[in-house]
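Read off the chains here:
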Amino acid sequence: MGKAVIDVPPKGGFSFDLYKRNAMLSKDGVQLPPFTKTGTTIVGLIFQDGVILGADTRATSGSIVCDKNCEKIHYMAPNIYCCGAGTAADTEAVTDMVSSQLQLHRYHTGRESRVVTALTYLKRHLFSYQGHVSAALVLGGVDFTGPHLHTIYPHGSTDTLPYATMGSGSLAAMAIFESKYKEGLTRDEGVQLVTEAICSGIFNDLGSGSNVDICVITKGNKEFLRNHLQPNPRTYVSPKEYSFTKKTEVLLTKITPLKEKVKVTEVGDAMEE
Amino acid sequence: MTKQHANWSPYDNNGGSVVAIAGADYCVVAADTRMSTGYSILTRGYSKICKLADKSFMASSGFQADVKALQKHLSAKHLIYQHQHNKQMSCPAMAQLLSNTLYYKRFFPYYAFNVLGGLDNEGKGCVFTYDAVGSYERVGYSAQGSGSTLIMPFLDNQLKSPSPLLLPAVDAVTPLSEGEAIDLVKTVFASATERDIYTGDRLEIVVLNADGTRYEYMELRKD
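Here the structure is a predicted model, which means the values were calculated and not measured.

## Describing the state of the cysteines
Under the criterion given, the structure shown has zero disulfides over all chains. Between C66(A), a cysteine without a disulfide, and C70(A), which holds the nearest cysteine sulfur, the sulfur-to-sulfur distance is 7.9 Å. Residue classification places C66(A) among the partly exposed positions, given a relative accessible area of 37%. Not part of a disulfide, C27(B) finds its nearest cysteine sulfur in C126(B), a span of 6.5 Å.

And the structure:
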């Protein structure tokens, strides 16, 4: 076997090989295809017994909705969940990666994961990519030291807060939190407030929409309420069934048999199994 | 030394979709009522449809400030016409006027994407579709605005002749009844609302026929 020269991207990181080509194309007026951003309203708040996370379910690509019911609350550990806003591929990749790292860490230490561990893994990763990994996260969970809620920005900075919002609908949601949040909320009050904040984002921000997802995390227990609220049903379904009878018109039928290259003859035994 | 470009634009896009369908003896003009800017909603109840004459309704998507100015200009021109000719402008005449008005500002265009719907002098439905600088064509149906790319292919599938290669060419009006056309418009807007963030809130439908003009409204998704 001779030396096989395969063009493999360097281990990890970004490959900038296409930079020259892209620069040339953009000079010719070709635009980059818009990547799927989650538009998004994501929130988190700390209540009496733990943490509640909330998110909308709309994913947009430019001004088009590409997913009407996507999941933005990602699993990190049995006691830790993370909401993601920004580029969908980035939030998905970074949360999956850190979730795996946390599992390995659990095996290594023999203990339940701590929220600050997830926080540190995430911020170190995001900082090292200098903001190019466009993931804005709301991380929440309950561990041995108590309930925790953090926000993480694409460049790698973090905040520790009693209530937090991120995404294009963050202002609409924060308006609700700033009006109605108080310490020591009960579970039902907390879920109600989170639902209101996400709904504010859904109806007032065009980048957010569809349904409300909720995740309630308490000591030793979690409740993932997928589509807890569905306030946007389709408003009109035609009573008449639409038919799609028009097919591509056949203008001409011409059959050209291919010339046989190999003559096939049936010989003796079939191949052994 | 590359040319310095302005970091301020005189235009904004307020979004929304407009549709018009012409029938044998009716015309349907429809538009959503959402007005937005960027990711925010300015209002959920703004009408994009303007009555230019008894039998001419214009629906416009794009920059609503330019649309408002355009509507005012056309209404004024129509008033003068009525004084001079002692009659209302016909829809095809209004179509030509709109085209001329748009081309007049060829080098600082009205950021307006228009469809003009109405009844011609014979009482048949007519729809004219425009680009921003006045190129226009009489058609059987049309969609403009942010949801047009979602709506037009479906209308083509339901209303157009199977293939432009097959002759004879089909007439400019659709064979649908008025009720079927309204049902189609409602379906098409409900669908566009699902996938276009700028379309939604409420649908305004104007129906013109021999008996006069009728307005209908339907709720759309508000998210």
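## Some thoughts on the UniProt feature "active site" (unreviewed entry) in chain A
All names here are of chain A. Mapped onto this numbering, the UniProt entry annotates "active site" (unreviewed entry) at T40. Setting aside residues up to four positions removed in sequence, T40 forms contacts with D56, K72, G84, A85, M166, G167, S168, G169, D205, G207 and S208. Side-chain polar atoms of T40 contact the side chain of K72, separated by 3.0 Å.

## Some words on the pairing of strand β12 (residues 212-219) of chain B
Residue and element names in this part refer to chain B. Relative to β12, strand β11 (residues 202-209) runs antiparallel, the two sharing eight bridges. Bridge pairing in β12 links V207 to R214. Taking the residues between adjacent antiparallel strands as the criterion, β11 and β12 are bridged by two residues.

## Comments concerning the interface of chain B and chain A
Taken residue by residue, the interface counts 34 residues in chain B and 33 residues in chain A. Buried surface at the junction of chain B and chain A, summed over both partners, amounts to about 3000 Å²; 53% is from carbon and sulfur atoms. Per-residue buried area on chain B facing chain A is highest for Y39(B), R195(B) and D223(B); these three make up 25% of the total on that side. Across the chain B-chain A interface, the total number found is two salt bridges. For D223(B), the salt bridge is made with R58(A), and the minimal N-O distance between the two is 3.2 Å. Seen at the junction of chain B and chain A, the total is 20 residue pairs in polar contact (both at pLDDT 80 or more). Among the secondary structure elements, those contributing two or more residues to the side of chain B that touches chain A are β4 (40-43), α3 (148-159), α4 (178-195) and β12 of chain B. In terms of residue count, α4(B) provides more of the side of chain B that touches chain A than any other element does, eight residues in total. Residues belonging to the side of chain B that touches chain A are distributed by class as follows: 14 nonpolar, eight polar and twelve charged.

The rules behind the values
Residues numbered from 1 in each chain as written. Chains lettered and ligands numbered in written order. Predicted model: local features only at pLDDT ≥ 70, side-chain atom pairs only at ≥ 80, totals over all residues. Heavy atoms only, no water. Disulfide = S-S within 2.5 Å. Buried < 20%, exposed > 50% of the residue type's maximum accessible area, 1.4 Å probe, protein only. UniProt positions renumbered as here; feature names shortened; annotations may be inferred. Contact = heavy atoms within 4.5 Å. Polar contact = N/O pair within 3.5 Å; in protein donor to acceptor, adjacent residues only side chain to side chain. Pairing = 2+ DSSP bridges. Helix = DSSP H or I, 4+ residues; strand = E, 2+ residues; numbered from the N terminus. Buried area = accessible area lost by both parts, 1.4 Å probe. Salt bridge = Lys/Arg side-chain N within 4 Å of Asp/Glu carboxyl O. Nonpolar A, V, L, I, M, F, W, Y, C, P; charged D, E, K, R; others polar.

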